[in-house]
Amino acid sequence: MNTSVFFLALRRVRVPLIVLIVIYAVSTLGLTLIPGIDAQGRPAPPMSFFHAFYFVSYTASTIGFGEIPSVFSDAQRMWVTVCIFLSVIGWSYSIISLLGLVQDKGFQQVLLSGRFARRVKHLGEPFYIVCGCGETGLLIARALDRSRIRVVALERDDARVQEIELEDFDADILVICADAAQPQNLLLAGLRHRSCRGVLAITDDDSANLAVAIASRLLNPELMVVARVANPAIERNMMSFGTHYVVNHFEKFADYLAQAIQSPSWFRLVDLLTRLPGQPVPERHDPPVGDWVVCGYGLFGQAVVRNLERQGVSLTVIAPDLDLPLSVRHIVGHGMEAEPLRQAGIETAAGIVAGSDNDTNNLSIAMTAKEINPELFVVVRQNRVANGVLFDAYDADFTMVPSRIVARECMALITSPLLTRFLRHVRAWPDEQAAAVAGQLEDLCGHRVPLVWSVRLNATDAPAAYKLLNIEHAPMQAGTLRCDPDAREEFLPLLPLLLVRDGRDQEMPSDETVLQAGDELLFAGTRAAKLAQSLSLDNRNALDYVLTGHDAQGWLWRLFTARRTEPDGRSA
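These figures come from a predicted structure and were not determined experimentally. (Residues numbered from 1 in each chain as written. Predicted model: local features only at pLDDT ≥ 70, side-chain atom pairs only at ≥ 80, totals over all residues. Heavy atoms only, no water.)

### Brief notes about the packing of aromatic side chains
The test is simple: When two rings of Phe, Tyr or Trp (its six-membered ring) have centres within 6.5 Å they constitute a pair, described as stacked for plane angles under 30 degrees, edge-to-face for angles over 60, and tilted for the intermediate range. Numbering of helices and strands starts at the N terminus; helices are DSSP runs of H or I of at least 4 residues and strands are runs of E of at least 2. In this scheme, a residue with accessible area under 20% of its type's maximum is buried, one over 50% is exposed, and one in between is partly exposed, where area comes from a 1.4 Å probe on protein chains only. Sitting over a ring, as applied to charges here, requires NZ of Lys or CZ of Arg to be within 6 Å of the ring centre and within 35 degrees of the ring normal.
Per the counting criterion, the structure on display carries 15 aromatic pairs. Their ring planes at 5° and their centres at 6.5 Å tell us that F50 and Y54 sit as a pair that is stacked. Of this pair, F50 and Y54 both sit in helix α3 (residues 49–60), four residues apart, roughly one helical turn. The exposure class assigned to Y54 is partly exposed, which follows from its relative accessible area of 35%. Taking 5.2 Å as the distance between ring centres and 75° as the angle between the ring planes, the aromatic pair formed by Y54 and Y58 counts as edge-to-face. On the criterion of helical spacing, the pair formed by Y54 and Y58 is a turn pair, its members being four residues apart in helix α3. By way of ring pairs, the aromatic residues F250, F253, Y256, W266, F267, W292, F300, F377 and F398 are connected into one cluster. Above the plane of the ring of F491 lies R482, whose end atom (NZ or CZ) is 4.2 Å from the centre.

Structure representation (structure tokens):
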């Protein structure tokens, strides 16, 4: 990269350099040909090449030491006058060209790319490559930063890059203005770096995300790849070549809505576990069972219809020039006027989904429908982040914001990979069980969204516990990981959700469950509880205290206390 910068600079200032070389050469040649005079004023031979070049060097650079090695003749002075003006013109042209080079966008990009590549190369901690830094990328970057995970970002919009650089992150985010769909930019961002843990293709362009997913799978098949998509055809394409996780935000929200109608407590639990941690617990809104009206039949509307139909919900779709299957009742229109809504039965409907690709139309649909039926449950799709103020002011029962859905899914996959596995089990739970677990989590976390994390009992993630289980073969129960290492009689505000052993899952493991080396566990609780639990897993003294109540100290502390205390127990 440094070589590229050097040759690029040479290429851009090639003409000014040639001009300066010619001026210096002609000036030196003239002085070696023009006769001089000696101290007595008699004609003398011309200057030697060395003295001529020396004189031109300090004169052309405006330093000036006088006439050396002897006084000049009039002819020499006339030639030097010409040389001075030529050198001023040459240097002015060169300096202007150099300033133009420094201000050139292409040259600046090469310099930034080189600096970016060097910083990525020297990263020694795990990081994720985030492709696209719109609202979704910024949400994920903030969440990763709070989790002490480094981020390397690629963003096509230079204005967005400048905004991100002004953000207040705990660790500097490495970001560059580049198209993530180009494989060389992914390599520049560290796709093959030993510390790279995964690639998040979360731009708002499905084709670009597909290109990132393909390049990542080909260039580094071991990396986890998470891709955002809205088109089901591209989603199937991504899945066909082994993309690890594909997040279709339309399909995901539609699935949640359909499940929430049938099992409100299930959705409440899923909502708690997948929201960004630390936020206040959202107000509970249970979508009612009954007839629903869907306005708009684009990709989002189609996903909603598919999922609601699968749950047996009675539907009416409002869309212009629509050709729907006969099983779906439909009204031709937009839904912004009262008449199509009345024809769809809005007076007796349980809920409405305003799902067009225009935010103004969606708000108009929701407000008109609410005027006709004040008891209506309203779901609104928000397309543009800039309209967030309007949607906050309207305060719909549900607001579908794609960036938040994708951010939640990505963070769940990164910070707690077992969560997706656990949620598959939760789908089969009765509503009462889901309600009980959701209530426990709300109470434990002080009505804040819990942090969800995974723990593997191995030598890397839990050295103290691994040594106890695998080397000393001492028993340890799951309840040990709930005890506070500062006061073992008290439980930490956390809840074990899943135990995975040899590929088999155990939901909600009890405190009496005997643990084994290599077990994976999923927990939900506060951030402080996670830190306290990590102390027990990493520090043998803390683990011994939790297990036995004996507060063992290190050898250094024991040596210090032994010297401070006399044999009879009195202080020395």
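Here the narrative resumes.
### Regarding the pairing of strand β18 (residues 494–501)
Rules: Note on pairing: DSSP must find at least two bridges between two strands before they are called paired.
Burial runs high along β18: eight of the eight residues are buried. Bridge analysis of β18 against strand β20 (residues 520–525) gives six bridges, and the strand direction is antiparallel. Bridged to L494 within β20 is G525. Two elements, β18 and strand β19 (residues 504–507), share four bridges in a ladder whose sense is antiparallel.

### Some thoughts on helix α4 (residues 74–103)
Quick reminder of the rule: Under the convention used throughout, the expected extent of a helix is 1.5 Å for every residue step, that is, one less than its residue count.
A rise of 1.5 Å per residue sets the reference length of α4, with its 30 residues, at 44 Å; its end C-alpha atoms lie 44 Å apart and thus fit the reference within 8%. For α4, the complete set of buried residues consists of Q76, V80, C83, S87, G90, S94, S97 and L101.

### Observations regarding the side chain of N387
Rules: Any pair of nitrogen or oxygen atoms within 3.5 Å is treated as a polar contact; in protein, a donor-acceptor pairing is required on top of that, and neighbouring residues in sequence qualify only through side-chain atoms on both sides. By definition, residues are in contact when any of their heavy atoms lie within 4.5 Å.
Mapped onto the elements of the fold, N387 is located in the loop between β13 (377–381) and α16 (388–394). Note on N387: relative accessible area 17%, which makes it buried. Among the polar contacts listed, one links the side chain of N387 to the side chain of D359, at a separation of 2.8 Å. If we skip the residues at most four places from it in the chain, N387 touches D359 and Q382.

### Looking at the sheet that holds β20
Put simply, the test is: Lines fitted to C-alpha atoms define the axes, with helix axes restricted to the stretch in contact, and inter-axis angles between N-to-C directions lie between 0 and 180 degrees.
Taken in spatial order, the four strands of this open sheet run β15-β20-β18-β19, and their pairing is antiparallel. The open sheet is flanked by β15 (451–456) and β19, the only strands paired with a single partner. The average angle at which neighbouring strand axes cross in this sheet is 20°, direction not considered.

### Some words on the environment of E490
Considering the arrangement of structural elements, one finds E490 in strand β17 (residues 487–491). Each C-alpha atom of the pair E490 and T548 lies 14 Å from the other, and the pair is 58 residues apart in sequence. Once residues lying within four places of it in the same chain are set aside, the contact partners of E490 are R482, C483 and D484.

### A few points about the packing of helix α2 (residues 14–33) against α4
Heads up, the condition is: Angles below 35 degrees are treated as roughly parallel, those above 145 as roughly antiparallel, those between 65 and 115 as roughly perpendicular, and all remaining angles as oblique. Helix crossings fall into two classes, left-handed where the near helix is turned counterclockwise from the far one by less than a right angle and right-handed where it is turned clockwise. Throughout, the ten residues Ala, Val, Leu, Ile, Met, Phe, Trp, Tyr, Cys and Pro are labelled nonpolar, Asp, Glu, Lys and Arg are labelled charged, and all others, Gly among them, are labelled polar.
Viewed as axis vectors pointing N to C, α2 and α4 meet at an angle of 170°, and their least axial separation amounts to 9 Å. By the angle class used here, α2 and α4 are roughly antiparallel. With respect to the hand of their crossing, α2 and α4 are arranged in left-handed fashion. Here α2 contributes V15, P16, V19, L20, I23, Y24, V26, S27, G30 and L31 to the contact with α4, which in turn contributes W79, V80, C83, L86, S87, G90, W91, Y93, S94 and S97. Here the contact of α2 with α4 is built from residues that sort into 14 nonpolar, six polar and no charged.

### Re the environment of V332
Within the secondary structure layout, V332 lies in strand β11 (residues 329–332). It is 6.2 Å that separates the C-alpha atoms of V332 and D321, two residues lying eleven residues apart in sequence.

### A look at helix α12 (residues 264–274)
Two residues of an α-helix separated by three or four positions point the same way, owing to the 3.6 residues in each turn. Extensive coverage of α12 is indicated by the burial of eleven of its eleven residues. For α12, the full list of buried residues reads P264, S265, W266, F267, R268, L269, V270, D271, L272, L273 and T274.

### As for unusual backbone geometry
Although it is not a glycine, R148 sits at a positive phi angle of roughly 65°. Turning to its location among the elements, R148 is positioned in the loop between α6 (135–146) and β4 (150–155). According to the relative accessible area criterion, R148 is exposed, its value standing at 65%. Even without being a glycine, D502 presents a positive backbone phi close to 55°. D502 sits in the exposed class, given a relative accessible area of 65%.

### Focus: the packing of α12 against helix α18 (residues 418–426)
Closest axis-to-axis distance for the α12/α18 pair is 11 Å, and the angle between their directions is 175°. The orientation of α12 relative to α18 falls into the category roughly antiparallel. Two secondary-structure elements touch here, α12 through W266, L269, V270, L273 and T274 and α18 through L419, F422, L423 and V426. Looking at the contact of α12 with α18 residue by residue, the classes come out as eight nonpolar, one polar and no charged.

### Things to note about the pattern of salt bridges
The cut-off we apply is this: A pair is scored as a salt bridge if a Lys or Arg side-chain nitrogen falls within 4 Å of a carboxyl oxygen belonging to Asp or Glu.
For the structure shown, the criterion picks out 21 salt bridges. D172 is the partner of R119 in a salt bridge, and the nearest nitrogen-oxygen pair spans 4.0 Å. In this pair, R119 is assigned in helix α5 (residues 105–121) and D172 in the loop between α7 (158–165) and β5 (174–177), connecting sequence segments 53 residues apart. Accessibility expressed as a relative area gives 32% for R119, which makes it partly exposed. Overall, D172 belongs to the exposed group, its relative accessible area being 52%. Put simply, E163 and R160 hold a salt bridge, and the shortest N to O gap is 2.7 Å. Taken together, the residues E163 and R160, both in helix α7 and three residues apart, mark about one turn of the helix. Taking relative accessible area as the criterion, E163 reaches 42% and is therefore assigned partly exposed. A network of salt bridges, in which partner residues are shared, links D271, R275 and R408.

### Comments concerning the sheet that holds strand β3 (residues 127–131)
With parallel pairing, the six strands of this open sheet are ordered in space as β5-β4-β3-β6-β7-β8. The outermost strands of the open sheet, each flanked by one partner alone, are β5 and β8 (245–248). Strand-to-strand twist in this sheet, taken as the mean axis angle between neighbours without regard to direction, amounts to 15°. Across five bridges, β3 lies against strand β6 (residues 196–201) in parallel orientation. Within β6, the residue paired with F127 across the bridge is C196. Taken strand by strand, α5 contacts β4 and β5, and its axis lies near 155° from that of β5.

Read these as layout, nothing more, since geometry by itself doesn't imply function.
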